[in-house]
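# Coordinate inspection notes
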Amino acid sequence: MSKLVVVGTVAFDAIETPFGKTDKILGGAATFIGLSASHFNTDVALVSVVGGDFPQEYLEMMKNRGMNIDGIEVVEDGKTFFWSGRYHNDMNSRDTLVTELNVLADFNPIVPEEYKDAEVVMLGNLHPAVQMGVLDQTPNAQLVILDTMNFWMDIELELLKKVIERVDVITINDEEARQLSGEYSLVNAAKKIHEMGPKYVVIKKGEHGALLFHNGDIFFAPALPLEEVFDPTGAGDTFAGGFAGFLAASGDYSFENMKRAIIYGSNFASFCVERFGTERMQSITNDEIETRLKQFQALTKFEMKA
Ligand code: AMP
C-alpha cells in the first residue's frame, strides 16, 4: 500500500454562519485532509502538533479511521492552534476573527521513520517553514501537493515561494491565485504559477467548482449544487484530501487521472459543507460517496455532435 504523509494544522475552530455558531470544535487542515484521504486504500500519516488541551478522544477517532498519528506531537504545557471565522450571508466569503498559532509557533515537524519513504506528500495549509521541513524529510516523494492561503502569502511570501518551487501540484482558491500571481484572469494566474514551479495548478472556486491547469490543458470540475450549505469550513482541505488520497491509492499521477482525483475531491467537499466542522466527514459511507459520484457524472454529461 502506498504511503501518504499529510502535514497541516490540527486545530480548534469556532465558527459563525448564518445558520448558527459553534464553540471550540475539532478542525484544522490536516484533520479535514486526513478524514477524506483515509477513505482510500492508502496508508495515511498525519504530521502536526497539538497542546495538552487537545482531547484524547479526537486522537482516538483519527486512529480508528486508520490514520497513523505518531507524527502528531503533543506539547503538554502548550495550547492547540485556534482559528475563528464568520461567514457572510452568501457563504462564499468569510472573515477571520482570530488566528492563535499557539504550539504551532515553534513547531519542528518530525516525520516518523517508517513514513520517510512516502510516495505522496500533502503539504496542508500551515507555516511554509514547517512545509519545507517535511519536504526535506521525504526525499523519495513522487508527488508533492501543496495547499496554502493568503495568511501565509501576507507574512511569509519569500519562504512560501521556495516551497512552491519544489512541488508538483498547488491547490489554492481563486482569490489566492490572483494574489500570488498578480493576475486577475485565472488562466493567466495559472500560467504565472506554473512558472514558479508546479506542473499542475488547481484553482478552487468554492461553490463554482475547481479548475485544473497543466501545459495549456484545462479541466473543470463543478461543485455539486446543494440545497443547503451549512458550514464551508474545511471544504478546501477536504477537497485536497480526496484529491491526494485518490492519487496515492492509484499510483497514477497523470493529467487524465488528476481529472478523476478532482472529481473525488469535489465529491468529498460536497459532504463536508453539510454540517458544522468535521461532523459530516465523520459519518459518510462508501455508498453515499458512490451515489454522489453518479450525480457528478450526470451533472456534466451531455450528447451533442461537435
Ligand atoms: P478551509 O476552509 O479549507 O480554508 O480550512 C479551514 C481550516 O483551516 C480550519 O479548520 C482552520 O483550523 C484552518 N486554518 C485557518 N487558518 C489557518 C492558517 N493560517 N494556517 C493553517 N490552518 C488554518
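Scroll up to find the structure this text is about.
Thresholds applied
- Residues numbered from 1 in each chain as written.
- Predicted model: local features only at pLDDT ≥ 70, side-chain atom pairs only at ≥ 80, totals over all residues.
- Heavy atoms only, no water.
- Helix = DSSP H or I, 4+ residues; strand = E, 2+ residues; numbered from the N terminus.
- Polar contact = N/O pair within 3.5 Å; in protein donor to acceptor, adjacent residues only side chain to side chain.
- Contact = heavy atoms within 4.5 Å.
- Pairing = 2+ DSSP bridges.
- Axes fitted to C-alpha atoms, helices over the stretch in contact; angles between N-to-C directions.
- Near = heavy atom within 4 Å.
- Areas by Shrake-Rupley, 256 points an atom, 1.4 Å probe, with all protein chains shown as cover.
- Nonpolar A, V, L, I, M, F, W, Y, C, P; charged D, E, K, R; others polar.

## Here we look at the side chain of T171
- Within the secondary structure, T171 is located in strand β11 (residues 169-173).
- Only 3.1 Å separates the side chain of T171 from the side chain of D147, close enough to count as a polar contact.
- Every residue in contact with T171, bar those within four places of it in the chain, is listed here: I145, L146, D147, T148, V202, K204 and A240.

## Overview of the sheet that holds strand β5 (residues 43-51)
- The strand order across the open sheet built from nine strands is β6-β5-β1-β9-β10-β11-β12-β13-β14, with neighbouring strands paired in mixed fashion. Since the sheet does not close on itself, it has two edges, and those belong to β6 (68-75) and β14 (217-221), each with one partner. For this sheet, the mean inter-axis angle between neighbouring strands, taken without regard to orientation, is 15 degrees.
- Sheet topology places strand β9 (residues 120-123) next to strand β10 (residues 143-147); four bridges connect them, and they run parallel. Bridged to V121 within β10 is V144.

## Side note on the site of the ligand
- Around the ligand there are 19 residues in total, and D13, G28, R94, G234 and D237 lie nearest to it.
- Here T9 contributes a side-chain N or O atom positioned 3.1 Å from a nitrogen atom of the ligand.
- The contact in question runs from an oxygen atom of the ligand to an N or O atom on the backbone of G236, over 3.2 Å.
- For the ligand, whose free accessible area comes to 500 Å², the fraction covered by protein is 93%.
- Elements that contribute at least two residues to the shell around the ligand include exactly β2 (11-17), α4 (150-165) and α7 (235-250).
- Ranked by residues supplied to the shell around the ligand, first place goes to α7 with three residues.
- Split into classes, the residues belonging to the shell around the ligand amount to nine nonpolar, seven polar and three charged.

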